Number of protein chains: 2
Amino acid sequence: MTLTPLQQDFVLHFGEMGSRWGINRTVGQIYALLFLSEEPLNAEAITSALSISRSNTSMGLKELQSWNLVRLRHRPGDRRDYFTTPDDLWEIVRTLIAERRKREIDPTLTTLRELEMRGSTGDPYAEARIAELRELIEMMTQFHDEMNRLETERLVQLMTMGRKLGGLLEKTNKMKFWGTNDT
Amino acid sequence: MTLTPLQQDFVLHFGEMGSRWGINRTVGQIYALLFLSEEPLNAEAITSALSISRSNTSMGLKELQSWNLVRLRHRPGDRRDYFTTPDDLWEIVRTLIAERRKREIDPTLTTLRELEMRGSTGDPYAEARIAELRELIEMMTQFHDEMNRLETERLVQLMTMGRKLGGLLEKTNKMKFWGTNDT
DNA sequence: CGTCCGTTTCAGAAATTTCTGAAACTCAGA
DNA sequence: TCTGAGTTTCAGAAATTTCTGAAACGGACG
């Protein structure tokens, strides 16, 4: 399988970016390729399109699956696995954030809580700092949970509001909105 | 300089996490150490606290400076540089997001725009997919810009509202809020 | 049961990143 | 201008990550 120049360059870019994103070049390239392919691809097609080894493709796909970033498809009478990315970009973003949180945030939260469990250590400043950090992270993850609960349409709406957010907060404050509207 | 067990474990954890965050172990450790230190530290103190080489410390600090994650202090009659992290955790988060965006998002946006410039390539699906992705990223960065514009207090308020967000959107829709309140 | 088609695992090779010690550099004060 | 405390740079060493080819594995079908 051979790529158009557009696909080529897109794939190469995501390969490069991969490194900055904590995934490796190959994984980035595989994902980029799937993202641009209308039809699902099997491992063999990916291998030849990217000129990498079959086992490297296998590793990459495994990694992408562990990130929930690809979907598995099958063709009748063909037992090879075919891979695609979701059509809905928002779904992709959600997954990305969720997985990143799982890997980057949650373990830290656990550690911070453990450190707090120790009780007094003779280093009040450090203790306070850790507690403060834990609280901040908790607040942000809760917010994320709430955002996740919104359907795509509402989310887009929220993001589109843009500069109106500040004004909105102001207004709702005046209205004593928060105490009374516990949907 | 020697660390308390609490500092030790916190520092080690951030060292480990560092790898998942696209910064290296040492940089993570240096940052963690500064984060827990009430007093600013100089390079020598960091070197001995973490048992790393002086030049490694220097590299790490340089990297942290390039991320805008540390502040420089000076003591009268001492020309060594002393480093701290900002007291305000929200400021840290803002910086982190801003820098991450600069490294991980902006280059991609540029590339996507370049790819679109090419015009028709005989691969309409790929073109559409790229355009869609570019739009999504633009929307998210704009939203980020707007959030950044809010002062910390308002931001906390927004995050705290949690589950009320969905209801709020509903309500404001009914009120035809968006067309009329262009603060 | 054996074969075939496909996937996964794994140990070593290759590439990349991180870390170190030594040398070069900077600049304030004598 | 020289000295010396402090910082930065850099080439190679060490460690880590990624990639490969070969071998093991799995399970559908005759």
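See the structure above.
Below you will find a few notes about this structure. Please read these numbers as outputs of a predicted model, since none were measured by experiment.

**Some remarks on the layout of surface pockets**
All names here are of chain A. In this structure, the largest pocket occupies an estimated 200 Å³ of space. Looking at the largest pocket, it is lined by 15 residues, and the ones nearest its centre are Gly22, Ile23, Glu63, Trp67 and Arg103. The set of elements that each furnish at least two residues to the lining of the largest pocket consists of helix H2 (25-36), helix H4 (54-66) and helix H5 (89-117). Top contributing element to the lining of the largest pocket by residue count: H4, with four residues. Of the residues assigned to the lining of the largest pocket, the class counts are five nonpolar, five polar and five charged. Taken domain by domain, the lining of the largest pocket gets at least three of its residues from each of domain 1 (5-84) and domain 2 (89-162).

**A closer look at the pairing of strand E3 (residues 78-84) of chain A**
Residues and elements named next belong to chain A. Pairing geometry for strand E1 (residues 41-42) and E3, over two bridges, is antiparallel. Looking at the pairing, Asn42 lines up with Tyr82 of E3. Of the pairings in the sheet, the one linking strand E2 (residues 71-75) to E3 comprises four bridges and is antiparallel in character. Its bridge partner lying in E3, Leu72 is registered against Phe83. The hairpin turn running from E2 into E3, its antiparallel successor, is two residues long, and Gly77 in that turn takes a positive phi close to 70°.

Calculation notes
- Residues numbered from 1 in each chain as written.
- Chains lettered and ligands numbered in written order.
- Predicted model: local features only at pLDDT ≥ 70, side-chain atom pairs only at ≥ 80, totals over all residues.
- Heavy atoms only, no water.
- 1 Å grid on protein atoms, 1.4 Å probe; cavity = no way out; pocket = protein on both sides within 12 Å on 5 of 7 lines; lining within 4 Å.
- Points joined across faces, edges and corners; volume = space filled by probe spheres on them.
- Helix = DSSP H or I, 4+ residues; strand = E, 2+ residues; numbered from the N terminus.
- Nonpolar A, V, L, I, M, F, W, Y, C, P; charged D, E, K, R; others polar.
- Domains from an automatic or database assignment.
- Pairing = 2+ DSSP bridges.

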